[in-house]
Amino acid sequence: MASSYVPFQVHCSLQKPSSTLPNFDLFKTTHLSSSFKPFLRELQQPAFRVDIPKAIKNTSIKLLDAFVDSAFQFVDYPLDPFQTNSAPVDELREAAIVTIIDGQIPSDFPDGVYIRNGPNPLFGGLKSTKSLFGRSSPIWVEGEGMLHALYFSKDNNGSWTVIYNNRHVETETFKLEKQRNKPSFLPAVEGDSLAVLSAYLLNLLRFGKPYKNTSNTNVFEHSGKFYSSSENDLPQEIDIFTLEALGDWDVNGAWNRSFTAHPKRAPGTGELVTMGIQATKPFVEVGVISADGKKIVHKMDLKLDRCPLCHEIGVTNSYNVIMDCPLTVDIDRLVHGDQLIKYERQGYARIGIMPRYGDADSIKWFKVKPNCTFHIINSFEDGDEVVVWGSRALASVIPGYDSDSEKFKWFPSKFRPGEPIEESFDAISEDQLLFHRPYEWRLNMQTGDVKERNLTGPNHFPMEFPMINGAFTGVKNKYGYIQVCHCESSSAKGMGRFSGLAKLYFDEQQNTGTSWDENRVEGLIKVEYHMFEENTYCTGAAFVPKEGGVEEDDGWIITFVHHENANVYQAHIIDTKNFSSKAVAKITIPGRVPDGFHGAFMPIQLQNRINRIVPNFDSRTR
């Protein structure tokens, strides 16, 4: 998942101005135009686009702030009792040495950093607003990013030192609100149209951008540098030892729009393939970044006629993979009183296969059944076909429930396991619309034919947040790993909760006689489960390859785990060769780790760098 899914590249004060501005002509054709014409005339002036100091001089920021303070009331976003671990946590003042480990960290486990990103809102939690314009709210995936990191270092005697730290991702917008010491950005995603538009414009006039850069979704590495990301803005370079944010990564000024939370390293070349979406044309652009991270070697506009919420891009040896699903951002729809972000079940869906350095005309589009797929498990070429595996559902958890609705009724009614409603395992009932299942599309580049199928049956658990051995990104792989959703708890909480992990065997058909698979179904793949004890949930699982490993599944899964009954937080290390067995090590975290999004393991030699993580470490451990 990601933070605010509505990237607009409009900058007036905090950053260099962008050439990409919203199409304010949209507002002129609606009943809202009379309220906004004074703003729109000012926004459309060339001076506003370029001459930032003059615009600031001509507009009293203090008066605008005073207007916001008097006209808008910030209201705490409600948390259900089941959502207590979504509440924010304080930063540690210094990294903590872990002292409690149940089991043993394997001797061939690599030195490195397990790091997970997730929302940790300032000022006690997310805020909605009420004003004379109506109500506006964030979506549930928003909130300032916080990194939670476990450092693993083995000395010459084979003894492990494990250190935990956390820290907010201090983007420019984080620093701005922190300095003001109060909520300042108005939520501008959900709510009444007039309130959302007002919030957008007031944020733009006051801060130079309409949304905060929360940078709360993922962490990735490229060319030896580390980045925190969410697709509503630029990534933040991170000092992996201190977790300090070092500023925007715009590829030396060559990338001037939002940046996917899940860029992919191209097989063979080491180039990084990314994309950026925004709510005005050009809606989606794709970029290829050099292996050294210093320049953009290719950039192109897909020339789409809508803004789909593409959360992840795929790669193969030769191609880029674009998921164009009917979950869209539409300003015109908002202006006419409907939702800014909306999943349209009757809308079209397609997958684009684009040569790595191609243009819009070179993309081959394949029409597929309408779906919502945030995460790609992997994609690769197989003869004339491009194969795409993803975690697919028939509705979207974004934007999610209305915070004013009664007990999140929309979610429990659409998130249940069960039996298919027809003979085909493609069929699914209304109660299963949010049931994410591993899915396969086979796209024939020669004939244009599409074959698609579920890889697991509806009597399996819902599965989301997939991962693979990263060495197999873009090439044929045998195994995948994915978090297993607990339906009852997820329905009660109003968002996904993950009570286990699954190992997917793409080359093997499903087992028979297990508690989850009573009957063998032709074509469904084998699934092996690692389930946690009751009321225990994981977050941010990541694959850790074994040093010198020979087979694809030589390694471990590491994940943060919360035991709700005991209120204990741990990191579990699970041997992927003995997946259903108990964790080989359970590391107790000296603090609370709230629910979050994606994790990653970064192999780094730490033995001579511990003092960068824990100052005066040597003197403290004597």
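Residues numbered from 1 in each chain as written. Predicted model: local features only at pLDDT ≥ 70, side-chain atom pairs only at ≥ 80, totals over all residues. Heavy atoms only, no water.

With 15 residues, helix H7 (residues 193-207) should reach 21 Å at 1.5 Å per residue; the first-to-last C-alpha distance of 21 Å fits that figure. With 14 of 15 residues buried, H7 lies mostly within the body of the structure. Within two residues after H7, Gly208 carries a phi angle of roughly 85 degrees, on the positive side. (Helix = DSSP H or I, 4+ residues; strand = E, 2+ residues; numbered from the N terminus. Expected span 1.5 Å × (residues − 1). Buried < 20%, exposed > 50% of the residue type's maximum accessible area, 1.4 Å probe, protein only.)

Now for the sheet that holds strand E13 (residues 245-248). Strand order in this open sheet of four strands is E10-E11-E12-E13, and the pairing throughout is antiparallel. Since the sheet does not close on itself, it has two edges, and those belong to strand E10 (218-222) and E13, each with one partner. Across the sheet, the axes of successive neighbouring strands diverge by a mean angle of 35 degrees, strand direction being ignored. The pairing of E10 with strand E11 (residues 225-229) spans five bridges and is antiparallel. Looking at E11, one finds that Asn218 is bridged to Ser229. (Pairing = 2+ DSSP bridges. Axes fitted to C-alpha atoms, helices over the stretch in contact; angles between N-to-C directions.)

Moving on, we come to empty space enclosed by the protein. Summed over the entire model, instances satisfying the criterion amount to seven cavities of 30 Å³ or more. Lining the largest cavity are 24 residues, with Lys127, Glu142, Phe185, Pro187 and Lys212 positioned closest to its centre. Residues of the lining of the largest cavity, tallied by class, amount to 14 nonpolar, five polar and five charged. (1 Å grid on protein atoms, 1.4 Å probe; cavity = no way out; pocket = protein on both sides within 12 Å on 5 of 7 lines; lining within 4 Å. Points joined across faces, edges and corners; volume = space filled by probe spheres on them. Nonpolar A, V, L, I, M, F, W, Y, C, P; charged D, E, K, R; others polar.)

We now examine the packing of helix H5 (residues 61-71) against H7. One can describe the packing of H5 onto H7 by two numbers: an axis separation of 10 Å at closest approach and a directional angle of 145 degrees. The hand of the H5/H7 crossing is left-handed. For the pair H5 and H7, contact is made by Ile61, Leu64, Asp65, Phe67 and Val68 and by Leu202, Leu205 and Arg206, respectively. In terms of residue class, the contact of H5 with H7 is built from six nonpolar, no polar and two charged. (Left-handed = near helix turned anticlockwise from the far one by under 90°. Contact = heavy atoms within 4.5 Å.)

Along helix H6 (residues 172-180), the positions that sit buried rather than exposed are Thr173, Phe174, Leu176 and Glu177. Projected down its long axis, H6 shows its buried positions confined to an angular sector of 160 degrees, all on one face. The exposed residues of H6 that point more than 90 degrees off its buried face are Lys178 and Gln179. Packed against the buried residues of H6 are strand E8 (160-168) and H7. Two residues or fewer past H6, Asn181 is found with a positive phi of approximately 60 degrees. (Arc of directions from axis to C-beta.)

Structurally, the position occupied by Asn216 is in the loop between H7 and E10. Asn216 sits in the buried class, given a relative accessible area of 0%. A distance of 2.9 Å separates polar atoms of two side chains, one belonging to Asn216 and the other to Thr217. (Polar contact = N/O pair within 3.5 Å; in protein donor to acceptor, adjacent residues only side chain to side chain.)

All right, on to the pairing of strand E25 (residues 372-382) then. Among the 11 residues in E25, nine count as buried, and that is most of the element. The sheet contact formed by E25 and strand E26 (residues 385-393) spans nine bridges and is antiparallel. Its bridge partner being in E26, His375 is matched across the sheet by Ser391. Hairpin connection between E25 and E26: a loop of two residues separates the two successive antiparallel strands, and Gly383 in this loop has a positive phi of roughly 65 degrees.

The next subject is the packing of aromatic side chains. A complete count under the given rule lists 26 aromatic pairs for this structure. Between Phe72 and Phe133, the ring centres sit 5.9 Å apart and the planes meet at 35 degrees, which makes this aromatic pair tilted. In this pair, Phe72 is assigned in strand E1 (residues 72-76) and Phe133 in the loop between strand E5 (127-131) and strand E6 (134-137), connecting sequence segments 61 residues apart. For Phe72, a relative accessible area of 6% translates into the label buried. Judged by centre distance (6.2 Å) and plane angle (80 degrees), the rings of Trp255 and Phe259 are edge-to-face. By relative accessible area, which is 0% here, Phe259 ends up buried. Every member of this aromatic cluster is reached through a ring pair, and the members are Phe109, Phe152, Trp160, Trp556 and Phe601. (Phe/Tyr/Trp six-rings, centres within 6.5 Å; stacked < 30°, edge-to-face > 60°.)

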